[in-house]
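Understanding the architecture of this molecule
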There are 2 protein chains.
Amino acid sequence: MNAIIVAVGSEMLTPTRLDTNSLFLTQELNGLGIEVVEKCVVGDDRTRMTTAIERALANARLVIVTGGLGPTEDDVTRDAVAAALGVTQSVDEEVLTWIAGLFARMGRTMAENNKRQAMILQGAEILYNQRGTAPGQFIQTRDNVVLLLPGPPRELKPMFSEAALPKLRAMLPPMSIATRWYRVAGMGESDLDSLIAPVYTKYENPVTTILAKPGDVEIHLRARATDQADAERLCSEVADQIVPLLGERIYSDDGAPLELAVGRRLLARGETVAVAESCTGGLLGGRFTDAAGSSAWFRGGYIVYTVPLKEALIGGPLPDTAVSEATAQALAAAARDRAGATWGLSVTGFAGPDGDDVGSVWIGIAGPNEVFAKQLKWIGDRSRIRALAATTALNLLRLQLL
Amino acid sequence: MNAIIVAVGSEMLTPTRLDTNSLFLTQELNGLGIEVVEKCVVGDDRTRMTTAIERALANARLVIVTGGLGPTEDDVTRDAVAAALGVTQSVDEEVLTWIAGLFARMGRTMAENNKRQAMILQGAEILYNQRGTAPGQFIQTRDNVVLLLPGPPRELKPMFSEAALPKLRAMLPPMSIATRWYRVAGMGESDLDSLIAPVYTKYENPVTTILAKPGDVEIHLRARATDQADAERLCSEVADQIVPLLGERIYSDDGAPLELAVGRRLLARGETVAVAESCTGGLLGGRFTDAAGSSAWFRGGYIVYTVPLKEALIGGPLPDTAVSEATAQALAAAARDRAGATWGLSVTGFAGPDGDDVGSVWIGIAGPNEVFAKQLKWIGDRSRIRALAATTALNLLRLQLL
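The structure presented is a predicted model; accordingly, all values stated were derived computationally and were not measured. (Residues numbered from 1 in each chain as written. Chains lettered and ligands numbered in written order. Predicted model: local features only at pLDDT ≥ 70, side-chain atom pairs only at ≥ 80, totals over all residues. Heavy atoms only, no water.)

Within chain A, the secondary structure is distributed over twelve helices and 17 strands. Relative to the 2.2 N^0.38 estimate, which gives 21 Å for 402 residues, the radius of gyration of chain A is 29 Å and therefore markedly larger than a compact globule would have. In terms of its C-alpha atoms, chain A occupies a principal-axis envelope of roughly 90 × 50 × 40 Å. Counting every position in chain A, which comprises 402 residues, the buried fraction comes to 55%. A separation of at least 24 residues holds for 67% of the contacts in chain A among residues at least 6 apart in sequence. When the accessible area of chain A is evaluated, it comes to approximately 15800 Å², of which 49% is carbon and sulfur surface. Positive and negative side-chain charges in chain A, numbering 39 and 47 respectively, have mean positions lying 3 Å apart. (Helix = DSSP H or I, 4+ residues; strand = E, 2+ residues; numbered from the N terminus. Rg over C-alpha atoms; globule rule 2.2 N^0.38 Å. Buried < 20%, exposed > 50% of the residue type's maximum accessible area, 1.4 Å probe, protein only. Contact = heavy atoms within 4.5 Å. Areas by Shrake-Rupley, 256 points an atom, 1.4 Å probe, with all protein chains shown as cover. Lys, Arg positive; Asp, Glu negative; His and termini not counted. Charge placed at Lys NZ, Arg CZ, Asp CG, Glu CD.)

Below, the structure is given as structure tokens:
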């Protein structure tokens, strides 16, 4: 079964608000084997809402409409759904009594417009609201299942989980989901895709998704089957072809970020690392210490943003210019030795924005038996170059620890 | 003019990702007097995308499609828009040369599939991408304006602001906008709102928006009028009431981030700063060096993640426990002295996740004439505590420099 989520409310069309109910609903629906194929936000406008719901009904079996069930004039979800489905609505006396009871318990009088909330679509099952006055509705037609839920998350979530989810589950064949999640470093999105597209494009199940950030690419596989073992087998069939193509460029298969992948290797070897940072100015240390428990393998380091601080760390004059192979090596070795770490990792380069050589970066690695440096060159703005430098330094150390 | 934003990408239909580009675009469009009447997220599915775009074209004059312009098989935005508009597309040799040039400058070979990015829709104007390989496209038909933008925010934002916005503005009746942008530190969102809401809620024009991040709140005012002087006058009327209420908690009125606000003050005084970081592990140095030109006032520092490194920096045993007033003071003074800076700024604390005292942090400041430390206590996860610690350290130094 496929689903479209329509979120109703003009406030979600402003520059500061997003519809976050859809994240919760997607999580729950995916667990049932229902894919969300589209999401939509519409304002409190009857005509726009009606056409949006008509389109959703034509494009997915399950349509979930959130919000717009309140008592005010601009809460027009019921009217729009009734129009799109071509059904009538009428006041349900039981719901009206229930709403009146809520007001009585709060010691308040029910406003006239709260009666609008007792309007129920023809053929709908009522989903009572444990946290508010707006009831939800569940409508099954020949072609569609339509679910109306209140907008406030604290009303929507329990109503979905307790009332709607069991009804949906009962309509579905048993369905299991298997997933794989690989994180890859040292390869751009398009190179990676060229490499693995010949494999994954042959399969509709699992679905493969590629996500890219500077220096970091994620591959998600999601397979569906009636049986968990079958779903796992479908995932494995694709994974077993992709993984050898990527080899050691895969740094994690459980979602762990790169700094944690490096930390785990260090921990397994009983080793530690220290850093010397020039153009990254602390970003690399910040990445290492993002990982909880990093004190087991990260010792600290030196932010050597000026030549005098570089010289103080090395304990003498720079062997070459500030951005050079020899300086990167000397900084890495000095960080290792001064911090008493197994490994020293250095970054020195031009992050810009000004200068002829912006994007040129040397990364130095000093290990128990080796000292070397690698030059890299990127285009982009200062923040991109700095982020790429930190990520690449982490990845070079990871490869060295393999 | 009305707009519909269609965000393309299956990853935004998962339980973990939202389309956030639409917030930026809505802000910018509202500034032109364009209202966003609907937003939609569709997966990388040619048929669904085509029908979604057809519906958008029928329901709004301006349709902005974000994402799906990459080189991979699942980047099918160009095809879907061409189908919805009923136009052809062809390889633009100039764009192809430009993309090939980008790869050449990076010393890489252009992958065959990158050529897909040179496919331009009939009648489209090309919007060159300063931060990536995917060009944007601007298409004007009898009934619609269609804008194709790349998905990554760092590519989308400058392309929209620099290339698309002037074209849109030229199509619209003259409208003047005046804005004010204040950034505030050391105050939570709800306290700030309680203080200034009695002022801004009296005005519909300018529109006031409050945005909050940990330790950092932004206030945006935006006034519209046919004449620039009138728009400025409307903004000033509200600003002149808000600014005195916030006083020195306002650290910037031109959008400058906190680290740059601190850097400018140092620069004006001809002074410099160095850091000693324990629980922030480099984040503070990373913040300082985010600012271009920071080498004029930031010297560097010491990531003292372990007790031996703290002792090595101080040049003797710790005066008290690792997280204490005396240690924070000693670290700040040692960073100042060793780096030869005017100011030393230190952070030592418990970022968690484990321990009885998670969220307790000492920040030390050593200046030309003073050494002191301040204790802070936050709740939240490791990343929130670390971010708050770095932001608060920056703000304490800023207040000291006033």
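Attention shifts here to the sheet that holds strand β10 (residues 207-213) of chain A. All names here are of chain A. The strand order across the open sheet formed by four strands is β10-β11-β9-β12, and the pairing between neighbours is antiparallel. Since the sheet does not close on itself, it has two edges, and those belong to β10 and β12 (250-252), each with one partner. Recorded for the sheet is a direction-independent mean angle of 30 degrees between the axes of neighbouring strands. Pairing between strand β9 (residues 176-185) and strand β11 (residues 216-225): ten bridges, direction antiparallel. Bridge pairing in β11 links Ser176 to Ala225. (Pairing = 2+ DSSP bridges. Axes fitted to C-alpha atoms, helices over the stretch in contact; angles between N-to-C directions.)

Over the atoms, a rolling probe the size of a water molecule traces out where space has been left empty. Using the criterion set out here, one finds two cavities of 30 Å³ or more in the structure. One number sums up the size of the largest cavity: a volume of about 130 Å³. Forming the walls of the largest cavity are Leu18, Asp19, Ser22, Lys39, Cys40 and Val41 of chain A together with Leu18, Asp19, Ser22, Lys39, Cys40 and Val41 of chain B. Counting residues per element, the ones that place at least two in the lining of the largest cavity are β2 (35-42) of chain A together with β2 (35-42) of chain B. Per-class residue counts for the lining of the largest cavity are six nonpolar, two polar and four charged. In this model, the second largest cavity occupies a volume close to 100 Å³. Taken together, 13 residues line the second largest cavity, and the ones lying closest to its centre are Glu38 and Arg55 of chain A together with Glu38, Cys40 and Arg55 of chain B. Here the lining of the second largest cavity is built from residues that sort into nine nonpolar, no polar and four charged. (1 Å grid on protein atoms, 1.4 Å probe; cavity = no way out; pocket = protein on both sides within 12 Å on 5 of 7 lines; lining within 4 Å. Points joined across faces, edges and corners; volume = space filled by probe spheres on them. Nonpolar A, V, L, I, M, F, W, Y, C, P; charged D, E, K, R; others polar.)

Attention now goes to the nonpolar core. Within the largest apolar cluster, 70 residues are counted, with the highest numbers of intra-cluster contacts made by Leu284, Phe288 and Leu345 of chain A together with Leu284, Phe288 and Leu345 of chain B. Listed in part, the 67 residues of the second largest apolar core include Val81 and Ile139 of chain A together with Met49 and Val76 of chain B. (Core = buried A, V, L, I, M, F, W, Y, C linked by side-chain atoms within 4.5 Å.)

Residue and element names in this part refer to chain B. Counting buried positions along strand β3 (residues 62-66) gives five out of five residues, so the element sits mostly inside the fold. Neither face of β3 is left uncovered, since the one carrying Leu62, Ile64 and Thr66 and the one carrying Val63 and Val65 both have all their residues buried. Judged from the five bridges that link them, strand β1 (residues 2-8) and β3 form a sheet pairing that is parallel. If you follow Ile4 over to β3, its bridge partner there is Val63. With five bridges connecting them, β3 and strand β8 (residues 145-149) associate as parallel partners.

Facing 73 residues of chain B, the contacting portion of chain A comprises 69 residues. Looking only at chain B, the three residues that lose the most surface to chain A are Pro15, Leu18 and Arg48 of chain B, adding up to 11% of its buried area. Along the contact surface separating chain B from chain A lie four salt bridges. Our enumeration of links across chain B and chain A arrives at 33 residue pairs in polar contact (both at pLDDT 80 or more). Of the residues forming the side of chain B that touches chain A, the biggest block, seven residues, is contributed by β2 of chain B. Class assignment of the residues belonging to the side of chain B that touches chain A gives a composition of 29 nonpolar, 26 polar and 18 charged. Two elements, strand β14 (residues 298-304) of chain A and strand β14 (residues 298-304) of chain B, share five bridges in a ladder whose sense is antiparallel. Bridged to Val304 of chain A within β14 of chain B is Gly300 of chain B. (Buried area = accessible area lost by both parts, 1.4 Å probe. Salt bridge = Lys/Arg side-chain N within 4 Å of Asp/Glu carboxyl O. Polar contact = N/O pair within 3.5 Å; in protein donor to acceptor, adjacent residues only side chain to side chain.)

Residues and elements named next belong to chain A. Split by domain assignment, chain A resolves into domain 1 (2-171), domain 2 (176-252) and domain 3 (269-401). With centres defined by C-alpha atoms, the gap from domain 2 to domain 3 works out at 32 Å. Domain 2 puts eight residues into the contact, and the matching count from domain 3 is six residues. Taking both sides of the interface into account, the surface hidden between domain 2 and domain 3 amounts to around 510 Å²; carbon and sulfur atoms contribute 62%. For the pair domain 2 and domain 3, the interface holds one residue pair in polar contact (both at pLDDT 80 or more). For the side of domain 2 that touches domain 3, a count of residues per class yields four nonpolar, two polar and two charged. (Domains from an automatic or database assignment.)

Between Gly352 of chain A and the following residue, Pro353 of chain A, the backbone shows a cis peptide bond with an omega angle of 15 degrees. Locating Pro353 of chain A in the fold gives a position in the loop between β15 (343-349) and β16 (360-366).

Attention shifts here to the sheet that holds strand β7 (residues 136-140) of chain A. If you trace the twelve strands from one edge of the open sheet to the other, you get β6(A)-β7(A)-β8(A)-β3(A)-β1(A)-β2(A)-β2(B)-β1(B)-β3(B)-β8(B)-β7(B)-β6(B), paired in mixed fashion. The outermost strands of the open sheet, each flanked by one partner alone, are β6 (125-127) of chain A together with β6 (125-127) of chain B. If you compare each strand with its neighbour and ignore which way they point, the axes differ by 15 degrees on average. Across seven bridges, strand β1 (residues 2-8) of chain A lies against β2 of chain A in parallel orientation. Of the residues in β2 of chain A, the one forming a bridge with Val8 of chain A is Val42 of chain A. Packing against the sheet, helix α5 (residues 153-171) of chain A makes contact with β3 (62-66), β6, β7 and β8 (145-149) of chain A, and its axis sits at approximately 170 degrees to β8 of chain A.

Moving on, we get to the packing of helix α1 (residues 21-31) of chain B against helix α5 (residues 153-171) of chain B. All names here are of chain B. One can describe the packing of α1 onto α5 by two numbers: an axis separation of 11 Å at closest approach and a directional angle of 20 degrees. Taken together, the axes of α1 and α5 lie roughly parallel to each other. Classified by chirality, the crossing of α5 by α1 is right-handed. Contacts from Asn21, Phe24, Leu25, Glu28 and Leu29 of α1 reach α5 at Pro153, Leu156, Lys157, Phe160, Ser161, Leu165 and Leu168. By residue class, the composition of the contact of α1 with α5 is eight nonpolar, two polar and two charged. (Parallel < 35°, antiparallel > 145°, perpendicular 65-115°, else oblique. Left-handed = near helix turned anticlockwise from the far one by under 90°.)

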